[in-house]
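Tertiary structure, described
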Amino acid sequence: MVRLMKLLTRDERPPGEEPVSDLVPEPEVSRAKRVRVLLAAACAPLLFSYAAVAIVLAAVAFAADRSRFSTTGALLAAGPGWLASWQVELGLGGHPLGVLPLLPTLGVAWFTARTAARAVRRIGGRTPSDALPVVVVIAAAHALFGVLIALLAGGSPVQVNPLTAFCVPGLVAGLAAVAGTVKRCGLPATLRNRFDPVAVHGLRAGAFGLAAMAACGAAVFTAATAVSWSTVDSLVEPGLGASSGQFVLSVAYLPNAVIAAMSFTTGPGFSIGSLTVGMFGYQEGPLPGVPVLAGIPSHHAAWWPALLVLPALVGALVGWKIRAIDEDPMLRMRAVAVAGALVAFGCVVLGTLAGGRLGDGPFDPVSVPVGVASVIVFCWIVIPGGFVAFFAGAHEPPEPPGEPAAFVEDADAAVETDEQAVESEEDEAAKPDEDGDDEFEDEAEAELARELGEDLDETLAEIEAEAEPEQDIAVTESTEGSGDESAPGGDR
């Protein structure tokens, strides 16, 4: 068995060719290759988006009845169509067209993000500074191409503002490129290290909440369209050309319809011209004959407020995701507030992109009340989400009733112990001085005692010397007296 393991693990390379380290540095990319990669990253999204728009327009024009197909016309019409796919407002015969389909925008943004990620990988980018040239080149190419189309469209029935054509495609393409390179360059890890962990958890939960709100809007839109399928069938015009055009238009505006349904589900609703559809209000008005709008009801229903359970459920799910991030309930509440702010901001952006001007007719404008919608969506996230995050998460155990008093007694005892320790240290520090003073006092007392003892002895001697004659005299007197008294008696 041991011999088998040695054979399996033996290095067949000759001595001196063993790898020094497992981390082999990547070869440096030459300048020529870097330039080629950057040019490909700049041109690929332009060619893809322009070609896709031209192919769709050519297919619709070819299938339309009583129309003459022209390749040159399809290529020329693809220019304004390309601007519309990047959300640039157009003017058709002096009438504004700001309600632009979001599905083509999502498609070209996704392709741009993939192209940017591939370009960064080919040049060996690892840091955000490595991705910066790719993002700048892609944004600049789209901005220049947009202003070029705007200048070429001058004098045609389609009017485009050159400044808008320069800024909007460059901004959208730049954001898509950043989204594509952010993971490759390790930017999420950098942000996690620099941002507050509570805020990071809140942002993740907010992204989940925004996606869940959009899913609720999609579910409501799908259910309404399925219920109104007979209306959808009646709106489809006969003929391959007309029906294919309606189908392409409806599919392109599907994200716009989902955002409008999301606004309706959360409460504020939406409006198309004089038509207003809200959870608690309805105002009649004309509608375009497009199948994508067939699910819009013709009158108010009393059961609509029951749909408010969906955004409340989304808020509860956001709180459920945040419940375990920390034991402190206030930190969890702060994460819920961050999630609500992100969802509200996302609703503002989506509502702005979904609406806009639609000519000067009865269907103008198409709008979502983004201000009211953002406040209401924030409340839908914060109120149920905060409730769930606060009560479903962990809590610090409360202190027993006797613990504070015991803690005070322990503190007093500790203070007394410290004071006694300080006093003992002071006594020990002062002990040598007291010993010295005691010795000095003992010597002084001994000397004083010796002096007092000598004086006392002298005094006693003097007293004894003085007392002895007096005693002799007294004895003599007493003796003499006793003899005188006896003499007369004897004489008697």
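An account of the accompanying structure is given in this report. These numbers were taken from a predicted model, which means no experiment stands behind them.

Moving on, we get to the overall build of the chain. From N to C terminus, the chain includes 15 helices and 7 strands. Per-residue burial for the chain yields a buried fraction of 32% across its 492 residues. About 30,000 Å² of surface is accessible on the chain, with carbon and sulfur atoms providing 65% of the total.

Our next topic: the packing of helix α5 (residues 128-152) against helix α6 (residues 162-181). The description of two packed helices rests on the angle between their axes and on the distance between the axes. With their axes 7 Å apart at the nearest point, α5 and α6 run at an angle of 155° to one another. As the angle between them shows, α5 and α6 are arranged roughly antiparallel. Crossing hand, α5 versus α6: right-handed. Across the interface between the two elements, Ala131, Val135, Ile138, Ala139, His142, Ala143, Leu144, Gly146, Val147 and Ala150 of α5 pack against Pro162, Ala165, Phe166, Pro169, Gly170, Ala173, Gly174, Ala177, Val178 and Thr181 of α6.

One open sheet accounts for 3 strands, arranged β2-β1-β3; its pairing is antiparallel. In this open sheet, the two strands that pair with only one neighbour each are β2 (95-97) and β3 (158-159). Strand direction decides the pairing type here: strand β1 (residues 90-92) and β3, joined by 2 bridges, are antiparallel. Residue pairing in the sheet places glycine 91 in a bridge with glutamine 159 of β3.

So, on to the packing of helix α4 (residues 103-122) against α5. One can describe the packing of α4 onto α5 by two numbers: an axis separation of 9 Å at closest approach and a directional angle of 140°. For α4 against α5, the interelement crossing comes out right-handed. Between α4 and α5, the contacting residues are Thr112, Ala116, Ala119 and Val120 on the first element and Ala131, Val134, Ile138 and His142 on the second. Of the residues assigned to the contact of α4 with α5, the class counts are 6 nonpolar, 2 polar and no charged.

Inspection of every chain in the model, using the stated rule, returns 3 salt bridges. The salt bridge involving aspartate 360 is made with arginine 357; its shortest N-O contact spans 2.8 Å. The partly exposed category is assigned to arginine 357, whose relative accessible area is 34%.

A few words on the sheet that holds strand β6 (residues 282-283). Across the sheet, 4 strands lie side by side as β6-β5-β4-β7; this open sheet has antiparallel pairing. Here the strands that pair on one side only, and so sit at the sheet edges, are β6 and β7 (366-367). Across 2 bridges, strand β4 (residues 270-272) lies against β7 in antiparallel orientation. Directly across from isoleucine 272, in β7, lies its bridge partner valine 366.

This next bit is on a positive patch on the surface. A contiguous patch of positive charge on the surface is contributed by Lys33, Arg36, Arg114, Arg118, Arg121 and Arg122. Elements supplying a minimum of two residues to the positive patch: α2 (31-63) and α4. A per-element tally of the positive patch places α4 first, with 4 residues. Here lysine 33 is to be found in helix α2. On the basis of relative accessible area, lysine 33 is assigned to the partly exposed category, the value being 32%.

This part covers the nonpolar core. Formed by 45 residues in total, the largest nonpolar core has its most connected members in Met213, Phe264, Phe270, Ile296, Ile322 and Ile381. Elements represented by at least two residues in this core include exactly α8 (197-227), α11 (254-266), β4, β5 (275-277), α12 (309-322), α13 (329-354) and α14 (370-392). Those residues in contact with phenylalanine 264, other than ones at most four positions away along the chain, are Val220, Gly269, Phe270, Val277, Gly278, Met279, Trp304 and Leu307. Ranked by size, the runner-up nonpolar core spans 30 residues in total, among them Ile123, Ala131, Ile138 and Ile149.

On to α14, then. A rise of 1.5 Å per residue sets the reference length of α14, with its 23 residues, at 33 Å; its end C-alpha atoms lie 32 Å apart and thus fit the reference within 8%. All of the buried residues in α14 are Ala373, Ser374, Val377, Trp380, Ile381, Pro384, Gly385, Gly386, Val388 and Ala389. Buried residues along α14 sit against α8, α11, α12 and α13.

Okay, the side chain of glutamine 246 next. Take glutamine 246: it is sitting in helix α10 (residues 240-252). Accessibility expressed as a relative area gives 12% for glutamine 246, which makes it buried. Within polar-contact distance, the side chain of glutamine 246 engages the backbone oxygen of leucine 235 at 3.3 Å. When near neighbours in sequence (up to four residues on either side) are disregarded, glutamine 246 contacts Leu235, Val236, Glu237, Gly289 and Pro291.

Rules used in this analysis
- Residues numbered from 1 in each chain as written.
- Predicted model: local features only at pLDDT ≥ 70, side-chain atom pairs only at ≥ 80, totals over all residues.
- Heavy atoms only, no water.
- Helix = DSSP H or I, 4+ residues; strand = E, 2+ residues; numbered from the N terminus.
- Buried < 20%, exposed > 50% of the residue type's maximum accessible area, 1.4 Å probe, protein only.
- Areas by Shrake-Rupley, 256 points an atom, 1.4 Å probe, with all protein chains shown as cover.
- Axes fitted to C-alpha atoms, helices over the stretch in contact; angles between N-to-C directions.
- Parallel < 35°, antiparallel > 145°, perpendicular 65-115°, else oblique.
- Left-handed = near helix turned anticlockwise from the far one by under 90°.
- Contact = heavy atoms within 4.5 Å.
- Pairing = 2+ DSSP bridges.
- Nonpolar A, V, L, I, M, F, W, Y, C, P; charged D, E, K, R; others polar.
- Salt bridge = Lys/Arg side-chain N within 4 Å of Asp/Glu carboxyl O.
- Patch = residues over 30% accessible without salt bridge, like charges linked within 9 Å, V, L, I, M, F, W, Y side chains within 5 Å.
- Lys, Arg positive; Asp, Glu negative; His and termini not counted.
- Charge placed at Lys NZ, Arg CZ, Asp CG, Glu CD.
- Core = buried A, V, L, I, M, F, W, Y, C linked by side-chain atoms within 4.5 Å.
- Expected span 1.5 Å × (residues − 1).
- Polar contact = N/O pair within 3.5 Å; in protein donor to acceptor, adjacent residues only side chain to side chain.

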